[in-house]
Structures are given as C-alpha cells and as structure tokens.
Amino acid sequence: MVSLPIRRRAAAYGRIISFQHMKTTPFLLATLLLAPGFAASVDEQTRALSRDILKELIEINTTDSSGSTTAAAEAMRVRLLAAGFAPEDVKLLGPNERKGNLVVRFRSARPGGPKPILIIAHLDVVEARRADWTTDPFRLVEQDGYFYGRGTQDMKGADAIMVTTLIRFARERYRPDRDIILALTADEEGGTFNGVDWLLKHHRDLVDADFALNPDSGGVTTERGRPLDVEVESTEKLYADFELKATNPGGHSSLPVPDNAIYHVADALARLERSPFPFELNAVTREYFGSLAKVESPENAADMRAMLAEPPDQAAIGRLQRVAQFNALVRTTCVATRLDAGHANNALPQSARATVNCRILPGHSAEEVRLELVRIAADPPVSVSYINEATGERLGSAPLGKSFPPVAPRADVLAPLERLAGQYWHGAPVVPDMETGASDSKYTIAAGIPSFGFSALAIDRDDVRAHGKDERLRVSSYYDGVDFYYHYLKALTGSAAH
Ligand SMILES: [Zn+2]
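Cut-offs and rules
- Residues numbered from 1 in each chain as written.
- Predicted model: local features only at pLDDT ≥ 70, side-chain atom pairs only at ≥ 80, totals over all residues.
- Heavy atoms only, no water.
- Helix = DSSP H or I, 4+ residues; strand = E, 2+ residues; numbered from the N terminus.
- Rg over C-alpha atoms; globule rule 2.2 N^0.38 Å.
- Buried < 20%, exposed > 50% of the residue type's maximum accessible area, 1.4 Å probe, protein only.
- Contact = heavy atoms within 4.5 Å.
- Areas by Shrake-Rupley, 256 points an atom, 1.4 Å probe, with all protein chains shown as cover.
- Lys, Arg positive; Asp, Glu negative; His and termini not counted.
- Charge placed at Lys NZ, Arg CZ, Asp CG, Glu CD.
- Expected span 1.5 Å × (residues − 1).
- Phe/Tyr/Trp six-rings, centres within 6.5 Å; stacked < 30°, edge-to-face > 60°.
- Pairing = 2+ DSSP bridges.
- Axes fitted to C-alpha atoms, helices over the stretch in contact; angles between N-to-C directions.
- 1 Å grid on protein atoms, 1.4 Å probe; cavity = no way out; pocket = protein on both sides within 12 Å on 5 of 7 lines; lining within 4 Å.
- Points joined across faces, edges and corners; volume = space filled by probe spheres on them.
- Nonpolar A, V, L, I, M, F, W, Y, C, P; charged D, E, K, R; others polar.
- Disulfide = S-S within 2.5 Å.

Q: Before we go on, may I ask you to explain the overall build of the protein chain in this structure?
A: For the protein chain, the helix and strand inventory stands at 16 helices and 20 strands. Expected size for 498 residues packed as a compact globule is a radius of gyration near 23 Å; at 24 Å, the protein chain falls within 12% of this value. Buried residues in the protein chain amount to 55% of all 498 residues. Of the contacts formed within the protein chain by residues at least 6 apart in sequence, a portion of 79% connects residues at least 24 apart. For the protein chain, the accessible surface area stands at approximately 20800 Å², while carbon and sulfur atoms represent 53% of it. Of the side chains in the protein chain, 57 bear a positive and 65 a negative charge, and the two mean positions are spaced by 2 Å.

Q: Looking at this structure, I do not really get helix α5 (residues 156-171). What am I missing?
A: Relative to the 22 Å expected for 16 residues at 1.5 Å per residue, α5 spans 22 Å between its end C-alpha atoms, a close match to the ideal helical length. The element α5 is extensively covered by neighbouring structure, given that 15 of its 16 residues are classed as buried. Remark: Arg173 follows α5 within two positions and exhibits a positive phi of approximately 55°.

Q: I tried to follow the packing of aromatic side chains on my own but got confused; where do I start?
A: Aromatic ring pairs: the centre-centre distance and the angle between the two ring planes describe each pair. In this structure the tally under the stated criterion is 20 aromatic pairs. Measuring from centroid to centroid gives 4.8 Å for Phe169 and Tyr174, while their planes differ by 50°, and the two rings are tilted. On the basis of relative accessibility, which here comes to 7%, the residue Tyr174 falls in the buried class. Plain terms: the ring middles of Phe211 and Phe452 are 6.2 Å apart, the flat faces sit at 70° to each other, and that makes the pair edge-to-face. Of the two residues, Phe211 sits in strand β7 (residues 211-213) while Phe452 sits in strand β18 (residues 451-452), which places them 241 residues apart along the sequence. Per residue, the accessibility class of Phe211 equals that of Phe452, and both read buried.

Q: Please clarify how the sheet that holds strand β20 (residues 472-474) should be interpreted in this entry.
A: Backbone-to-backbone hydrogen bonds pair the strands of a sheet. The strands run either parallel or antiparallel. Taken in spatial order, the three strands make up an open sheet running β4-β5-β20, and their pairing is antiparallel. This sheet does not close on itself; its edge strands, each paired only once, are β4 (141-143) and β20. Each neighbouring strand pair of the sheet contributes to a mean axis angle of 25°, computed without reference to strand direction. Across three bridges, the pairing between β4 and strand β5 (residues 146-148) is antiparallel. Residue pairing for β5: Glu142 is matched across the bridge by Phe147. Those strands touched by helix α16 (residues 475-492) are β4, β5 and β20, and its axis lies near 70° from that of β20.

Q: Which parts of the structure should I look at to understand the pairing of strand β3 (residues 117-122)?
A: Looking along a regular strand, one sees side chains alternate from face to face of the sheet. Most of β3 is tucked away, with six of its six residues classed as buried. Neither face of β3 is exposed, since Ile117, Ile119 and Ala121 on one face and Leu118, Ile120 and His122 on the opposite face are all buried. As judged from the six bridges shared by β3 and strand β6 (residues 180-185), these two strands associate in the parallel manner. If you follow Leu118 over to β6, its bridge partner there is Ile181. In terms of strand pairing, β3 meets β7 through three bridges, oriented parallel. Note that in β7 the partner of Leu118 across the bridge is Ala212.

Q: What is the right way to look at the pairing of strand β10 (residues 238-247) in this model?
A: Relative to strand β14 (residues 351-360), β10 runs antiparallel, the two being bridged by ten bridges. By the bridge assignment for β14, Phe242 is matched with Val356. Direction of pairing for β10 relative to strand β15 (residues 383-387): antiparallel, over a ladder of five bridges. From the neighbouring strand, Lys245 faces β15, where its bridge partner is Ser383.

Q: It is not clear to me how the layout of surface pockets should be interpreted in this structure. Could you clarify?
A: A probe as big as a water molecule, rolled over the atoms, marks out the empty space that is left. Here the largest pocket defines a volume of roughly 1000 Å³. Residue lining of the largest pocket: 37 residues in total, with Asn194, Asp197, Glu389, Lys442 and Tyr443 positioned closest to the centre. Elements supplying a minimum of two residues to the lining of the largest pocket: α6 (195-202), β10 and α15 (441-446). No other element matches α6, which puts five residues into the lining of the largest pocket. For the lining of the largest pocket, the class distribution of residues is 16 nonpolar, nine polar and twelve charged.

Q: Explain the state of the cysteines to me, please; I cannot follow it from the model alone.
A: Two cysteines form a disulfide when their sulfur atoms are joined by a covalent bond. Counted under the stated rule, the structure contains one disulfide. In this model, Cys334 is linked to Cys358 through a disulfide, with the two sulfur atoms separated by 2.1 Å. Taking the sign of the S-S torsion, about 115° here, the bridge from Cys334 to Cys358 comes out right-handed. Of this pair, Cys334 sits in strand β12 (residues 333-341) while Cys358 sits in strand β14; the two residues are 24 residues apart in sequence, bridging distant segments of the chain. A relative accessible area of 15% places Cys334 in the buried class.

Here it is, written out as structure tokens:
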C-alpha cells in the first residue's frame, strides 16, 4: 500500500463502530474475547512450507535503495520449477536487472474455459534500518506468537501465501476450470519501475484476466484478535497533486503593496478549504454504508440510512462527514500539503507556491479537478498546474483518464469469500470498500480489469505496522491466510473446497 493502509482507516472509524451496542450474552462475550487464531487447520507440511517461503522472502532485501525484486522473484521461480511448473509458465521479466517481476501461470484443465484470474502482489518493501528496529528487519523472527520482519504485513506475508498455494495446487495436481496467474511485482512502494504498470504495457497477454485479486489491501480488522469486519477493496480513488502558484515583482518589505504572492496563494487556499467537492456515492460506497449500518451505533446507522435515501438527507451527511474516513468516502478531497514562498525576511515575496493533494472519486479525471481548482483560485489569478507524479514536472493540463466507475462487487467473487469468512472470522460482516489511498489496483482498474483487494490477514486495528518499525504479523493470522486462500482460490476456480 502506498498511502493509507485500509486498516488504519478502520481504526479511524473503529471509534464509531460500537460493538457495545450489540446485545451479547455472557457466553457469547466470553467467546468473542477468547483470543486469536480461529481456523488454522493447515497440516504440518504446509505450515513448514509456508514458513520457509515467508522466511526466504523476508530475508531477501527488496528495498528500492539497495535491494532487488529480481532476487526475490528468482527465489520463487526456483521453488515453482521444483514443484513441477513448466519453465514457460514461470517468467521472470523486467525493465532492468534489479526490478524483475515474476509471472506464473497455473494452467486450467479446460482450455477455452472462463478468462483467467490474475493475482497481483508486490515484492518490494519500504526501507528499514537495523538501528531503528528491535530485531533485524531482514531476518524472520518468531517471538511471542508473532512473525517479525520488514514485509510481514506489507506484503511478503501475502506473497508467501500465494506461492505456497500454487505449490500445493501443483503437488496435488489440482485442475482449475480457468488459469490462475500470479504476478509478483516491483516498485509499488517507491521507485520508478512499477511492475504492474510495466507488465500491462509490455506483456498484456501474460496478465490479461477476467478480474484481479490484490492482497495488498482489504483484510480482516481485529481487536485483540477478535474480528470486527472483513473488508474487500472494490474500487479506489485517483491520486493527483497540483501546484497553486502566484508570482510578483517583489520589492522592499518596508513598502508593502496589495499585490502580494503569499496573500494571493493564502486566499486561494482559504477558498479551497471552504469549497468542498460535491457529495457523491457510487455502487461500492452505497454497499459499504449499507453494510456498516448493520453494525453501527443506532445514531450512526440512522444517519447512514438517511444518507442512502433518495434524496439523501443533508443533515445526516453533515453529521457523518465530521469523521474524516466517511468524508473521504463521499467526495473528492483536495487538501493543502506543502507551502513554499518568499526569499528573505525583509523582501516582498516574488513567488508563493502551495502543493494541493487530491484524491479523486472514480468516474472523474484529474483535469476535471484541475479546472475546478482554477475556478476556486480565480480571483486574483493564481495558476494551477498538475504535478507529474513520476517526474515532478509542472504541467498546464492534467490527464483526462478516469478511474473506471465502480460496479457493485461481483457475486462470483464475493459469495465464496462471504461463505469462507463465516468460517474463519465468525460473525464479522464482509464489507465492500473504496480505498481512499492507492494501490497497484489503480493500474489494473485503469486497464479495465475489475480488481478486488483482500489480504486474508487479520491485523489488530491498533497494530498496523506496515512501513513502520518492528513490523509484525500474528503467526495464527498468517496460517489462517494460508488456509483461506487455498480454499478461496479453489472455490473461485470451480471446485468445491469442502
Ligand atoms: Zn503494499
């Protein structure tokens, strides 16, 4: 995940979900408070295999500064070939030596069946310094019921789950009704060689699919191991940065004039703050609020239902949007994130610049938002340019591309997930969600491949350590994920798992 992990957002509304409103008998309460670890029924051999793969991945440095995703991709390639995959079905490809991607195809028994399922999972991790950590971030350490290491949460845990699952399928000669493609990729966290983008541009045939699963987002939010909800990312907002800029001749600060670059930009930002983008729901956020209303406090539930009504209740929207998470789900947001102005304490500013970061609802383009910012910043004129994410270049216009308008989550993807979630994370509702940050699904969605995010990892809402120090994953949560994906992929590919 690049920006805001989904579970951190869960923490934001966690205060609002009030389980104390649910009528619980003492017995049920005792069951709920009983600790973590729900289903993990994986056999010893599978546990050992999945642990070995996780250890190998964690211990290969895949950071942008000094690591290599090629090394990790090659290690997985060796394992898959040993498990019986044909060399032509395990391809290591990339734009250069250090940014390799692995594309694995597990073949169907029925050529001409449904289009493949694509699973995308990034191999790279965020930087981690030994001095900052309690343990070595590039060693897998098992301690107190947790696996510690950079990438345990984001997302070598899920990478290892996927490789383990394909190796199990190969060993038991499982024959799915459609191909399963796994793409292990570079540069999701940073760097300029994003593997999903590169594969779609250069090897579309290798990764073309009916839909994609991206275990980099979604997942199970828990509290001390107790599941609260099961989130499936079904669409995401579009990321865009803009620069608001004013320039002046400047001059001696003892002789101020009204035409002042700092005041012009500050005025434009103040107007931006008072000009929220319009309220708008889509198929996914409607479903999300509808599901959430079932477990919310009576007040919030009533507001959510009133917001979903036609026409939506404005007072209810007003109350709900005080929660940053809810506000971000119902509109495009643009917020000032940086300021840079002036050149001396005793001089009038010759220029002032502000960076405004926008998260754009599906169905709208960055250029549409830029034109709205131009309107907001119009008087006196402050220029609005689009900042190219890769190069930092300031451009007079923004891309016209829109995120695909979300469709209601597909029943063929959700139904088996719901059934299995009932077994692994009893009672926690499955909630389709819109990512307010961004993941590699932005590339698959933009390429017209419907994409769903579900990690199958249960993480306590106050234990989100992705990108941070002492990143860790509960051991039982990992093995539950191993077990879950084995059954889920079977259910998706036409075989009853039980
Ligand atoms: Zn990630």
